[in-house]
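# Structure at a glance
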Amino acid sequence: MSLLFSPLTIRSTTFRNRLWVSPMCMYSALDGVAQEWHHAHLAQFASGGAGLIVTEATAVVPEGRISPRDLGLWTDEQRDALAPVVRAIHDRGSLAGIQLAHAGRKASTWWPWAPERGSVPATEGGWTTVAPSAVAFDGFADPVALDAAGIDRVVEAFATSARRALDAGFDVLELHGAHGYLLHQFLSPLSNHRDDEYGGSLHNRARLLLRVLDAVRATAGDDVPVFVRISATDHAEGGFTPDEAAVVGAWATEHGADLIDVSSGGLVAHQRIAVSPGYQVPLAETVRQGGRIPVSAVGLITAAAQAEQVLADGAADAIFAGREWLRDPHFALRAAHELGAEVAWPPQYERARWR
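Below is a summary of the structure that appears in this document.

### Describing the pairing of strand β10 (residues 259-263)
Across the five residues that make up β10, a large majority, five, are buried. Residues L259, D261 and S263 of β10 are buried on one face, and the alternating residues I260 and V262, pointing to the opposite face, are buried as well. Bridge analysis of strand β9 (residues 226-231) against β10 gives five bridges, and the strand direction is parallel. In the strand pairing of β10, S231 is matched with S263.

### Examining the environment of D171
Assignment of secondary structure puts D171 in the loop between α3 (148-167) and β8 (172-177). In the structure, D171 is positioned 119 residues away from L52 in sequence and 9.1 Å away in space, judged by C-alpha atoms.

### Let's talk about helix α9 (residues 304-312)
By the burial criterion, the buried members of α9 are A304, A307, E308, V310 and L311. The arc that holds every buried residue of α9, seen down its axis, measures 155°, which confines them to one face. Packed against the buried residues of α9 are α8 (281-288), β11 (295-297), β12 (318-321) and α11 (331-339). One or two residues past the end of α9 sits G314, with phi positive at roughly 75°.

### Side note on the packing of helix α7 (residues 242-254) against α8
Orientation of α7 relative to α8, taken along the N-to-C sense of each, is 45°, at an axis distance of 8 Å. Our classification of the angle between α7 and α8 gives oblique. Along this stretch, α7 crosses α8, giving a crossing that reads as right-handed. Between α7 and α8, the residues in contact are P242, A245 and A246 and L283, T286 and V287, respectively. For the contact of α7 with α8, the per-class residue count stands at five nonpolar, one polar and no charged.

### What to know about the pattern of salt bridges
A complete count under the given rule lists 18 salt bridges for this structure. Its salt-bridge partner being D76, residue R79 comes within 3.5 Å of it at the nearest N-O pair. You can see R79 and its partner D76 sitting in helix α2 (residues 76-91), three residues apart, about one turn around the helix. Where D167 meets R163, a salt bridge forms, and the shortest distance between an N and an O atom there is 3.2 Å. Taken as a pair, D167 and R163 lie in helix α3 at a separation of four residues, close to a single helical turn. One network of salt bridges, in which partners are shared, links E324, R327, D328, R334 and E338.

### Details of the packing of aromatic side chains
Each aromatic ring pair is specified by the distance between its two centres and by the angle formed by the two planes. All told, the structure shown has 11 aromatic pairs when counted by the stated rule. Measuring from ring centre to ring centre gives 6.2 Å for F186 and Y198, while their planes differ by 75°; the resulting arrangement is edge-to-face. Residue F186 is located in helix α4 (residues 182-187), and its partner Y198 is located in the loop between α4 and α5 (202-205); the two are separated by 12 residues in the primary sequence. Here the aromatic cluster, defined as three or more aromatic residues joined through ring pairs, consists of F15, W20, F227 and F320. Here the guanidinium or amino end of K106 rests over the ring plane of Y181, the centre of that ring lying 4.9 Å away.

### Examining the side chain of Q99
Structurally, Q99 can be placed in strand β5 (residues 95-101). Residue Q99 is classed as buried on the basis of its relative accessible area, which comes to 2%. Ignoring anything within four residues of it in the chain, the contact list for Q99 reads P23, V54, T55, E56, A57, T58, E174, H176 and R229.

### Some details on empty space enclosed by the protein
Gaps between atoms show up when a probe of the same size as a water molecule is rolled over them. Applying the stated criterion to the full structure yields one cavity of 30 Å³ or more. Estimated volume of the largest cavity: approximately 40 Å³. Lining the largest cavity are V21, S22, P23, M24, H41, L42, V54, T55 and E56. At the level of elements, α1 (36-47) and β4 (52-59) are the ones that each hand at least two residues to the lining of the largest cavity. Element by element, the count of residues in the lining of the largest cavity is highest for β4, at three residues. Taken together, the residues that form the lining of the largest cavity break down as five nonpolar, three polar and one charged.

So, how was this worked out
Residues numbered from 1 in each chain as written. Predicted model: local features only at pLDDT ≥ 70, side-chain atom pairs only at ≥ 80, totals over all residues. Heavy atoms only, no water. Buried < 20%, exposed > 50% of the residue type's maximum accessible area, 1.4 Å probe, protein only. Helix = DSSP H or I, 4+ residues; strand = E, 2+ residues; numbered from the N terminus. Pairing = 2+ DSSP bridges. Arc of directions from axis to C-beta. Contact = heavy atoms within 4.5 Å. Axes fitted to C-alpha atoms, helices over the stretch in contact; angles between N-to-C directions. Parallel < 35°, antiparallel > 145°, perpendicular 65-115°, else oblique. Left-handed = near helix turned anticlockwise from the far one by under 90°. Nonpolar A, V, L, I, M, F, W, Y, C, P; charged D, E, K, R; others polar. Salt bridge = Lys/Arg side-chain N within 4 Å of Asp/Glu carboxyl O. Phe/Tyr/Trp six-rings, centres within 6.5 Å; stacked < 30°, edge-to-face > 60°. Lys NZ or Arg CZ within 6 Å of the ring centre and 35° of its normal. 1 Å grid on protein atoms, 1.4 Å probe; cavity = no way out; pocket = protein on both sides within 12 Å on 5 of 7 lines; lining within 4 Å. Points joined across faces, edges and corners; volume = space filled by probe spheres on them.

The analysis is restricted to geometry; functional conclusions fall outside its scope.
Now the structure itself:
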């Protein structure tokens, strides 16, 4: 049997396969509210056989949005707009996840196809950003360092958004601790220059992530899977390292995380990344620690045989892909055919099944 198309059970949730859709920002929300685009975009992957579809980085507070066009989950209106998207995914046989996020110092930026670059000024709908320290991302506006009360509000916001996500019907909650956003900013010494209980040692730098995880796990209860996405290296001297990522992954598991979604980079503009097919898979294997920590792998995984080999090698327990799903929303149906795995097709599509 294909490993990629074998089921995976986490807590009370069984995933029909291990080929999943990564959260990918669409920059198409209005005041944080999902639009028709999100419905069509996400539901198509369920028709295409995905085991899990994770909605893009969804801000837990208005100032946590990467751009003014990001999804949010700080209001009931935003929750209610996502509920039919979740139902559409379920109706097509897939599970729905949501990535809860706060962009920190990388918030209030222009979306990728805007003619402008950098931070959105207040006159254009932007806002003041926050961070562990008053250190800007290169080319962005200066953030304000969070004080103790501000940190407490962040923790509460994640828990409140998690409650709304569950009420909307989501099956999986993922915390965004990667790609240079707020939780990652606390983890890395390149962005965290604090001298209090949230700075200095790795344990202190991980404190906010673990507090958020504790709050979200308490909200989720014992049955709902909770994932944590991390950047396992900053790809920059003096930054967060794979060995530190393995330690944080173990701590997160002790605090109730069920799977570590291993990515990399995004913290600093001067990062240097050698990109090649599967280039982040060794990071996942490091965090996995020989199978002690459940992990997913991501990063230019574009072919069925490649994804199958990652699992066969013991580097990961599941595969997240992004751009390949955009190129082919039926990636899982095609991959199953290539691997000789028998999977269910939507009855409306049966006439097109490869024989």
